[in-house]
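One letter stands for each residue in the lines below.
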Amino acid sequence: MEHLQQEISALRRSLSTINNEKESLFSKRQEVGKQISALIRDIKGIRTERDSLTGNVRLSKEEREKLNDEIKHKIDELKTLKDAEQGPAQEDPRRIKREIERLEYKIETDVMSFDKEKQLMKVIKEMKKKCAEAEKTFAGRHKIIELSHEIDRLKGIADSAHHKVQESAKESQAKHETLVTTSKHIDDLKAQEEEFNTQIMEKKAAMAPIAAELDAKNAQLQELRQKAGLALDDEKKQTSQSRRKKLSELQAEVTQKMMRGEKITTDDLLIMQGDE
């Protein structure tokens with residue numbers, strides 16, 4: 001009987017050792033699971049940021065293209081104005097107007113012959129025509145200056161939009177590379193998690209025959225005690241036997257908990273280490 005008790009104690013120690021190893025694997029798997037969950041949350045945030053940057057790149061490109069089209073249109077308009085300006089240099093229309101006013105005043109105030117007045121009127125008419133052409137030329141030059149300034153302004157905005165495209169694209173690419181790296185890390189952690197699952201199942205499988213053997217040995221021990229007439233008549237001995245029986249039942253319950261993969265408490269461990 002003593003030898004059988006030693007065998008039972010050895011089986012309990014073996015079962016407890018494997019169970020502790022299983023619990024350690026559970027803890028490691030749980031920690032890996034937490035890391036995976038945290039990284040998945042990070043990925044969602046990074047993906048949102050990347051998609052936002054990608055949208056910014058698209059909008060900035062559209063803005064840049066519109067600006068480039070507008071610049072091209074204004075450059076064509078400027079070229080047309082410059083081509084139209086080609087020709088002999090025109091006098092300042094303000095000087096021509098002053099000369100016209102002088103001649104008109106001369107006609108009104110000076111005493112002259114009809115032929116002389118007629119001649120001056122003809123000169124004034126030609127000068128007014130010349131003034132109109134000069135004003136047209138000067139207006140074109142003013143428009144050229146305005147267009148040149150507008151083109152420079154638009155080019156500045158287009159350059160800024162181009163810079164924004166480059167910066168957003170660079171940042172978006174960095175976010176994408178982070179996504180790829182993080183995804184690979186998650187895959188590696190999932191592989192670790194699966195390996196822990198495999199090891200946990202192996203520990204459970206290793207516990208099954210030991211638990212079965214322990215149950216059989218406990219039953220055998222109880223049978224031997226009964227055959228050896230260990231049942232005591234007095235109340236104190238009966239109480240002791242009851243306690244041993246209760247302990248055996250509790251140990252059997254703990255063994256079943258181990259088999260089911262349930263969490264083992266400190267009280268359970270004390271029961272497994274108790275005396276028969």
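Residues numbered from 1 in each chain as written. Predicted model: local features only at pLDDT ≥ 70, side-chain atom pairs only at ≥ 80, totals over all residues. Heavy atoms only, no water.

### Points about the overall build of the chain
Part 1 of the reasoning: Scanning the chain from N- to C-terminus turns up five helices and zero strands.
Part 2 of the reasoning: Starting at the N terminus, the α and β elements of the chain follow one another as α-α-α-α-α.
Part 3 of the reasoning: Burial statistics for the chain: of 276 residues in total, 27% are counted as buried.
Part 4 of the reasoning: Sequence separation of 24 or more characterises 87% of the internal contacts of the chain that already satisfy a separation of 6 or more.
Part 5 of the reasoning: Of the roughly 18,800 Å² that the chain leaves accessible, carbon and sulfur atoms contribute 51%. (Helix = DSSP H or I, 4+ residues; strand = E, 2+ residues; numbered from the N terminus. Buried < 20%, exposed > 50% of the residue type's maximum accessible area, 1.4 Å probe, protein only. Contact = heavy atoms within 4.5 Å. Areas by Shrake-Rupley, 256 points an atom, 1.4 Å probe, with all protein chains shown as cover.)

### Points about the pattern of salt bridges
Part 1 of the reasoning: Per the counting criterion, the structure on display carries 12 salt bridges.
Part 2 of the reasoning: The partner of Lys 217 in a salt bridge is Glu 7, and the shortest N-O contact between them spans 2.9 Å. Here Glu 7 lies in helix α1 (residues 2-85) and Lys 217 lies in helix α3 (residues 114-227), a separation of 210 residues in the sequence.
Part 3 of the reasoning: Residue class for Glu 7 comes out partly exposed when judged on its relative accessible area of 28%. (Salt bridge = Lys/Arg side-chain N within 4 Å of Asp/Glu carboxyl O.)

### With respect to the nonpolar core
Part 1 of the reasoning: In terms of nonpolar packing, the biggest core is built from 16 residues, with Leu 15, Leu 214, Met 258 and Met 272 touching the most fellow members.
Part 2 of the reasoning: Of all the secondary structure elements, the ones that give two or more residues to this core are α1, α3, α4 (235-260) and α5 (266-272).
Part 3 of the reasoning: In contact with Met 258, not counting residues within four places along its chain, are Leu 15, Asn 19, Lys 22, Met 207, Ile 264 and Met 272.
Part 4 of the reasoning: Ile 36, Leu 39, Ile 46 and Leu 179 belong to the second largest nonpolar core, which has 12 residues in total. (Core = buried A, V, L, I, M, F, W, Y, C linked by side-chain atoms within 4.5 Å.)

### Things to note about the side chain of Lys 217
Part 1 of the reasoning: The exposure class assigned to Lys 217 is buried, which follows from its relative accessible area of 17%.
Part 2 of the reasoning: Only 2.9 Å separates the side chain of Lys 217 from the side chain of Glu 7, close enough to count as a polar contact.
Part 3 of the reasoning: Once residues lying within four places of it in the same chain are set aside, the contact partners of Lys 217 are Leu 4, Glu 7, Ile 8 and Leu 11. (Polar contact = N/O pair within 3.5 Å; in protein donor to acceptor, adjacent residues only side chain to side chain.)

### Quick look at helix α2 (residues 93-109)
Part 1 of the reasoning: Spanning 17 residues, α2 covers 24 Å between terminal C-alpha atoms, matching the ideal 24 Å at 1.5 Å per step.
Part 2 of the reasoning: When α2 is considered as a whole, its buried residues turn out to be Pro 93, Ile 96, Ile 100, Leu 103 and Ile 107. Taken end-on, α2 shows its buried residues confined to a sector of 85 degrees, consistent with a single buried face. Along α2, the residues that are exposed and aim more than 90 degrees away from the buried face are Arg 94, Arg 98, Glu 101, Tyr 105 and Glu 108. (Expected span 1.5 Å × (residues − 1). Arc of directions from axis to C-beta.)

### Some details on the environment of Glu 126
Part 1 of the reasoning: Positionally, Glu 126 belongs in helix α3.
Part 2 of the reasoning: Residues Glu 126 and Ile 100, 26 residues apart in the sequence, show an inter-C-alpha distance of 9.8 Å.

### So, the confidence of the model for the chain
A low pLDDT means the predicted coordinates there should not be read in detail.
Part 1 of the reasoning: Scored by pLDDT, the chain has a mean of 84; 89% of the residues are at 70 or more.
Part 2 of the reasoning: Within the chain, the element-level pLDDT minimum falls on α4, averaging 74, and the maximum on α1, averaging 89. (pLDDT = per-residue confidence, 0-100.)

### Section: the environment of Leu 4
Part 1 of the reasoning: Summarising the element assignment, Leu 4 is placed in helix α1.
Part 2 of the reasoning: Taking C-alpha positions, Leu 4 is 7.0 Å from Leu 221, a pair spaced 217 residues apart along the chain.

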